[in-house]
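Fold and contact review
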Amino acid sequence: MKPLHQVSIIGYGGYIPIRRIKAKEIARIWGKSDKALPLEEKSVAAYDEDTATMSVEAAYNALKRAKISPSLIGAVYVGTESKIYTVKPTSTVVAEALGITPNVLASDYEFACKAGTEAMQTCIGLVSSGMVKSALAIGADIARGRPGDELEYTAGAAAAAFLLAKAGEFEDIAILEGSFSYVTDTPDFWRREGQIYPMHYYRFTGEPAYFHHIREAASNLMKELNLKPSDFKYAVFHQPNSKFPQEVATSLGFKSEQYKPGLLVPLIGNSYAASSLLGFAAVLDIAKPGDRILLASFGSGAGSDAFSFVVCDGIESKRNLAPLIMDYVSKRKYVDYAIYAKHRNKYNK
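Attention here is on the structure that accompanies the text. (Residues numbered from 1 in each chain as written. Predicted model: local features only at pLDDT ≥ 70, side-chain atom pairs only at ≥ 80, totals over all residues. Heavy atoms only, no water.)

**Structural notes on the packing of aromatic side chains**
- Tallying each qualifying case throughout the model produces 14 aromatic pairs.
- Taking 6.3 Å as the distance between ring centres and 85° as the angle between the ring planes, the aromatic pair formed by W30 and Y337 counts as edge-to-face. Taken as a pair, W30 in the loop between α1 (23–29) and β3 (41–44) and Y337 in helix α13 (residues 337–343) lie far apart in primary sequence, 307 residues in all.
- Taking relative accessible area as the criterion, W30 reaches 37% and is therefore assigned partly exposed. (Phe/Tyr/Trp six-rings, centres within 6.5 Å; stacked < 30°, edge-to-face > 60°. Helix = DSSP H or I, 4+ residues; strand = E, 2+ residues; numbered from the N terminus. Buried < 20%, exposed > 50% of the residue type's maximum accessible area, 1.4 Å probe, protein only.)

**Considerations on the nonpolar core**
- Grouped together as the largest cluster of nonpolar side chains are 74 residues, with contacts concentrated most on I9, M120, L136, F162, L164, L284 and I293.
- When residues in this core are grouped by element, the largest group, 9 residues, is from strand β7 (residues 157–166).
- Residues from two domains meet in this core; each of domain 1 (7–172 + 317–348) and domain 2 (178–313) gives at least three.
- Those residues within four positions of M120 in sequence are excluded, and the remaining contacts are A137, F162, L164, L277, F307 and F309.
- Core analysis: the next-biggest nonpolar cluster, separate from the first, contains 25 residues, A217, L227, A296 and A302 among them. (Core = buried A, V, L, I, M, F, W, Y, C linked by side-chain atoms within 4.5 Å. Domains from an automatic or database assignment. Contact = heavy atoms within 4.5 Å.)

**Digging into the pairing of strand β1 (residues 7–15)**
- β1 sits mainly inside the fold: 9 of its 9 residues count as buried.
- As paired strands, β1 and strand β8 (residues 174–186) are joined by 2 bridges and run antiparallel to one another. Pairing of S8 across the sheet is with I175, part of β8. (Pairing = 2+ DSSP bridges.)

**Let's talk about the side chain of S128**
- Positionally, S128 belongs in helix α4 (residues 115–129).
- At a separation of 3.1 Å, a polar atom in the side chain of S128 contacts the main-chain amide nitrogen of L4.
- Contacts of S128, omitting those with residues within four sequence positions, involve P3, L4, H5, V7 and K166. (Polar contact = N/O pair within 3.5 Å; in protein donor to acceptor, adjacent residues only side chain to side chain.)

Right under this line is the structure:
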């Protein structure tokens, strides 16, 4: 899919909570072996952090890089599966905090871990059509994992935000070449109304869910754009654990030096709707003008959005206007399981 008019990223930003818990600490509590854990540690949101506060922080960083007035933003979409209210949008809270209200479109998006890229697709359409001057897409989650479940080792917390506008109207960071979405009804992961923690089908997680959908979205995108893996400097994939993105990258023909710069899972955990977008932001932190980047998300249920972006000269002057992703990664404060459970209110669930 190509927009009618070229669309670019004019600002981006991320946020990762400072608190971390080591996977071996979780294994210790549940009496499990720490010999083959899916990652080393994950980020933990404090008791006063939620999807809205993290979204505001990430979006504020995006605004600083965009160097535009909040009044020029015509749409705010927050993709998440851990909304702060069951009935009441998170997006209005974020828009109000950033000074974007009241003349703005705002809504929350849900599609598991690809809710953030789904929001990005909508922003691309609105901007390209001329309905809005610029649009803000956010992916954020305080990921939930049932105590003792495999998800508890990988479910972290973070947010990533991207401001999009018509190419050439502002100082461009990266121009969109095209996107491709691939969706089927595959029940690999779900959470029913009233449930706190999600359920998952172990046998569906890899195939036919994660690998099939990303491969189809990414390969069809490259086919439409007449590109091949070697045409990309970097590739970013959804990161439910440390192994899946490496396996899908290899199966598509990408080499380790292309995908490893955006691989954050071993450092902070799977931040669900923010996962692939946070990896994308980390790559923009180091990319140079002319670099082509493949971004492919995955959302359980199931679907994948794939994008091709080419980095512009604007990255050089805008990059250091806000904290880099690795700035957040490098600042950490470890907590034990008791503090982690207290912050996430696991004792009452």
